[in-house]
Amino acid sequence: MGGTADLRRCAVLGDPIAHSLSPALHRAGYAAAGLPDWSYDAVRVPAGGVRSFVEGLEAEWRGLSVTAPLKRELLAVATEVTERARLVGAANTLVLGPGGRLADNTDLPGAVAAIRERYDGPVTAATLLGAGATAASTGLALVELGARSVTVLARSAERAAETASVIAAHPTAPRVVIGSLATDPAVGEVVVSTVPADAQTDELVARCGDAAVLFEALYDPWPTPLAASADGRPLVGGLDLLVHQAALQFALFTDGPAPLAAMRLAGEVALAERSVR
């Protein structure tokens, strides 16, 4: 039976954070993997607060998951940064150990895995709705899957330019086009939405009608207008992305394989409980 010396602590940081499903997923993973001395919590940390939080952690801490608005900020507190986190320009994972702090980005490989779980066809071109950190990592994932052209549709041309530059920096040098979320068509086999559900007007959803695959990065509320329009097309959901990126984090934190099925089930149960409240 483990004592306090065996405790291993992890958490997800963000602002807001109370809505996060990450505690449910990671705790289910610990239970399935037989790790009773591991804990995982949600901690509200506002923008600008990552460094002070991390520097105040004690030796039992093993890992942090990070969500908005802290993903770019996390890079500055790391002693080592993976190539994929450098490529995205943002990290969602901090692995803590005696050797230092490793910043990684599991959103990128998590998106690759989530898409391939639902769709095994070609990806030559794709469209992103929105231009935040999730759009950047998912755009790079699409390039990893073969996209040679990525269109970024956003409200702000300035913000879209930053995301476009991140995607264009991929070693394969994809073509990146910036367009208007309000008027321009979605092109390519895959459309990824990172915009709020209330921004998904009927007109915007209609412009995504030719895509072979829809990827809705949200998991709550569900279904969003875009997700509801799938009509038999492969649909990748926000829970798919969350589970796959969390499984990669689990492996980084614990040095063991993630129980993916148990983590997914925990997420589905947690979402179902929310829907009946």
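Keep in mind that what you see is a predicted model, and the values were worked out from it rather than measured. (Residues numbered from 1 in each chain as written. Predicted model: local features only at pLDDT ≥ 70, side-chain atom pairs only at ≥ 80, totals over all residues. Heavy atoms only, no water.)

Asks: Can you help me understand the sheet that holds strand β11 (residues 213–216) in this one?
Replies: Strand pairing in a sheet is mediated by backbone hydrogen bonds. Such pairs are either parallel or antiparallel. Read across the sheet, six strands follow the order β9-β8-β7-β10-β11-β12 without closing on themselves; strand pairing throughout is parallel. Taken across any chain shown, the strands that pair with only one partner, and hence form the sheet edges, are β9 (175–180) and β12 (235–236). By the bridge criterion, four bridges tie strand β7 (residues 125–129) to strand β10 (residues 190–193) in an arrangement that is parallel. Bridging from a neighbouring strand, leucine 128 pairs with valine 192 of β10. The strands that helix α5 (residues 133–144) touches are β7, β8 (149–154), β10 and β11; relative to β7, the one it contacts most, it runs at about 170°. This element, helix α6 (residues 157–168), spans β7, β8 and β9 of the sheet and lies at about 165° to β9. (Pairing = 2+ DSSP bridges. Helix = DSSP H or I, 4+ residues; strand = E, 2+ residues; numbered from the N terminus. Contact = heavy atoms within 4.5 Å. Axes fitted to C-alpha atoms, helices over the stretch in contact; angles between N-to-C directions.)

Asks: When you look at the sheet that holds strand β4 (residues 80–81) in this model, what are you seeing that I'm missing?
Replies: A sheet is described by the order of its strands in space; here six strands give the open sequence β2-β1-β3-β5-β6-β4, paired in mixed fashion. What marks the edges here is a single partner per strand, and that holds for β2 (38–44) and β4. Bridging between strand β3 (residues 61–66) and strand β5 (residues 93–97) involves three bridges; their strand directions are antiparallel. Each residue of the ladder has a partner; that of serine 65, found in β5, is threonine 93. Strands in contact with helix α1 (residues 22–33) are β1 (8–14), β2 and β3; relative to β2, the strand with the most contacts, it is inclined by about 175°. Helix-sheet contacts for helix α9 (residues 238–254) involve β1, β2, β3, β5 and β6 (100–104), and the interaxial angle to β5 is about 10°.

Asks: It is not clear to me how the side chain of threonine 138 should be interpreted in this structure. Could you clarify?
Replies: Its location among the elements puts threonine 138 in helix α5. Discounting chain neighbours no more than four positions away, the residues touching threonine 138 are Ala111, Val192 and Phe215.

Asks: How should I be thinking about the pattern of salt bridges in this particular structure?
Replies: A side chain with one charge can pair with a side chain of the opposite charge if their charged atoms come near. With the rule as written, the count across this model stands at twelve salt bridges. Two residues, arginine 51 and glutamate 55, come together in a salt bridge whose shortest N-O distance is 3.3 Å. Taken together, the residues span about one helical turn, with arginine 51 and glutamate 55 both in helix α2 (residues 50–55) at a distance of four residues. By relative accessible area, which is 38% here, arginine 51 ends up partly exposed. One salt bridge connects arginine 274 with aspartate 220, and the closest N-O pair in it is separated by 3.1 Å. With arginine 274 in helix α10 (residues 260–275) and aspartate 220 in the loop between β11 and α8 (225–228), this residue pair connects regions lying 54 residues apart in the sequence. Classification of aspartate 220 by relative accessible area gives partly exposed; the value is 42%. Through salt bridges with shared partners, a single ionic network connects Glu117, Arg118, Asp240 and Arg264. (Salt bridge = Lys/Arg side-chain N within 4 Å of Asp/Glu carboxyl O. Buried < 20%, exposed > 50% of the residue type's maximum accessible area, 1.4 Å probe, protein only.)

Asks: Hey, could you run me through α10 in this one?
Replies: For an α-helix, the turn length of 3.6 residues means that residues three or four places apart are oriented alike. End to end, α10 covers 23 Å across 16 residues, agreeing with the expected 22 Å (1.5 Å per residue, within 8%). Among the residues of α10, those classed as buried are Met263, Arg264, Ala266, Gly267, Ala270 and Leu271. The arc that holds the buried residues of α10, viewed along the axis, is 160°, so those residues lie on one side. Residues of α10 that are exposed and point more than 90 degrees away from the buried face comprise Ala261 and Ser275. (Expected span 1.5 Å × (residues − 1). Arc of directions from axis to C-beta.)

Asks: I'm lost on the packing of helix α4 (residues 107–118) against α5 in this one. Help?
Replies: A pair of packed helices is characterised by two quantities: the angle between their axes and the separation of those axes. The geometry of α4 relative to α5 is characterised by a closest axis approach of 8 Å and an angle of 55° between their N-to-C directions. By the criterion of interaxial angle, the relationship of α4 to α5 is oblique. In the crossing of α4 with α5, the sense of the turn from one axis to the other is right-handed. Side by side, α4 and α5 meet where Asp107, Leu108, Ala111, Val112 and Ile115 of the first sit next to Ser137, Thr138, Leu140, Ala141, Leu142 and Glu144 of the second. (Parallel < 35°, antiparallel > 145°, perpendicular 65-115°, else oblique. Left-handed = near helix turned anticlockwise from the far one by under 90°.)

Asks: Explain the pairing of β2 to me, please; I cannot follow it from the model alone.
Replies: Consecutive side chains along a regular strand alternate between the two faces of the sheet. As paired strands, β1 and β2 are joined by seven bridges and run parallel to one another. Bridging across to β2, alanine 11 finds its partner in aspartate 41. In this fold, the crossover linking β1 to β2 by way of α1 has right-handed handedness. (Right-handed = clockwise from strand over helix to strand, strands pointing away.)

Nothing here speaks to function; it is geometry throughout.
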